[in-house]
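Observations on the model geometry
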Amino acid sequence: MDADHPVLFFDSGVGGLSVLAAARLLLPTAPVIYAADSAGFPYGTRSEAEIAARVPALLGRLVERYHPRLVVIACNTASTIALAAVRAALDIPIVGTVPAIKPAALSSITRTIGVLGTEATVRQPYVDDLAARFAADCTVIRFGSADLVEAAEARLRGESVDPARFARALAGLFDQPGGDRIDTIVLACTHFPLVEADLAAAAGRPIHFVDGSAGIARRIVYLTQGQSWPTMPGEGLAIFTRLDAAAHALAPALARRGLGQITAL
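This is a predicted model, so every value here is computed, not measured.

Turning to the nonpolar core, a few remarks are in order. Nonpolar side chains in soluble globular proteins tend to end up buried together. Phe9, Leu17, Val72, Ile220 and Leu259 are the most contacted members of the largest nonpolar core, which has 29 residues in total. Tallying contributions element by element places helix 1 (residues 17–26) first for this core, with five residues. Those residues in contact with Leu17 that lie beyond four places of it in its chain are Tyr34, Leu156, Leu254, Arg257 and Leu259.

The next subject is the packing of helix 2 (residues 48–66) against helix 3 (residues 76–89). A pair of packed helices is captured by two measures, namely the crossing angle of their axes and the spacing between those axes. Between helix 2 and helix 3, whose axes approach to 9 Å, the crossing angle comes to 60°. With respect to each other, helix 2 and helix 3 are oriented oblique. With respect to the hand of their crossing, helix 2 and helix 3 are arranged in right-handed fashion. Between helix 2, through Glu48, Ile51, Ala52, Val55, Pro56 and Leu59, and helix 3, the contact on the second element is made entirely by Thr77, Ala78, Ile81, Ala82, Ala85 and Val86. Tallied by class, the residues present in the contact of helix 2 with helix 3 amount to 10 nonpolar, one polar and one charged.

The subject of this paragraph is the pattern of salt bridges. Enumeration according to the criterion identifies 10 salt bridges in this entry. Arg54 is the partner of Asp37 in a salt bridge, and the nearest nitrogen-oxygen pair spans 2.5 Å. Highlighted residues: Asp37 in the loop between strand 2 (32–36) and helix 2 and Arg54 in helix 2, separated in sequence by 17 residues. Here Asp137 makes a salt bridge to Arg111, at a shortest N to O gap of 3.1 Å. Residue Asp137 is located in the loop between helix 6 (125–134) and strand 6 (139–144), and its partner Arg111 is located in the loop between helix 4 (101–107) and strand 5 (112–117); the two are separated by 26 residues in the primary sequence. Among the residues examined, Asp137 registers a relative accessible area of 53% and is labelled exposed.

So, how was this worked out
Residues numbered from 1 in each chain as written. Predicted model: local features only at pLDDT ≥ 70, side-chain atom pairs only at ≥ 80, totals over all residues. Heavy atoms only, no water. Core = buried A, V, L, I, M, F, W, Y, C linked by side-chain atoms within 4.5 Å. Buried < 20%, exposed > 50% of the residue type's maximum accessible area, 1.4 Å probe, protein only. Helix = DSSP H or I, 4+ residues; strand = E, 2+ residues; numbered from the N terminus. Contact = heavy atoms within 4.5 Å. Axes fitted to C-alpha atoms, helices over the stretch in contact; angles between N-to-C directions. Parallel < 35°, antiparallel > 145°, perpendicular 65-115°, else oblique. Left-handed = near helix turned anticlockwise from the far one by under 90°. Nonpolar A, V, L, I, M, F, W, Y, C, P; charged D, E, K, R; others polar. Salt bridge = Lys/Arg side-chain N within 4 Å of Asp/Glu carboxyl O.

Written as structure tokens, this is what we have:
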């Protein structure tokens, strides 16, 4: 594998930057392409059929054009719906992102955990299976928030975000029966770790937040072991399926994360 072959991170928006950050800690010189399906954003309010058709097609185009060594679907919604189809279509390693229910169950003292994601993610049978396998002795309370995804995008664009938006997302968990016993919350959307500090401030009590980014980073390292990497980090590329004013407003945040170039797919 040529050292310059990139790792491709894919999300509907900029949530996958939380996964990219974890990967950079372990592979600081890895060439990176970050692709955001801004024309399809947000995935959380789309149907399963739309996502199942859209994600493999887009990733097929990206892989053909940029020849990555590995693809990371840094989106819980896309992974829980389309991961199997992408793996069947592409002949390179594909790393998915799934809600971190297992580590949440291991850490919960009250045995009551929240799963905060998009509407599309929290209703998936995949989440039912994770809860049954790894949190059978826990009460698992779910809530989907499209507004929190939008708030995270706005925060990265440098806009002011009303703290009440974070409180409302948490209330979707806390106000359900048994929600007062939640001590651990799975951030089941890659956007949400980007606003974890805001969620912690809005919680009003100690809450342990869990996401899967560190595990994904370790998986990338495992799947690329023995491969060569550049000796120095280079400038990463950010690709948007719709390069509009909102995408351009993200340029400073992208540059701070090593993505100094922006283009359209």
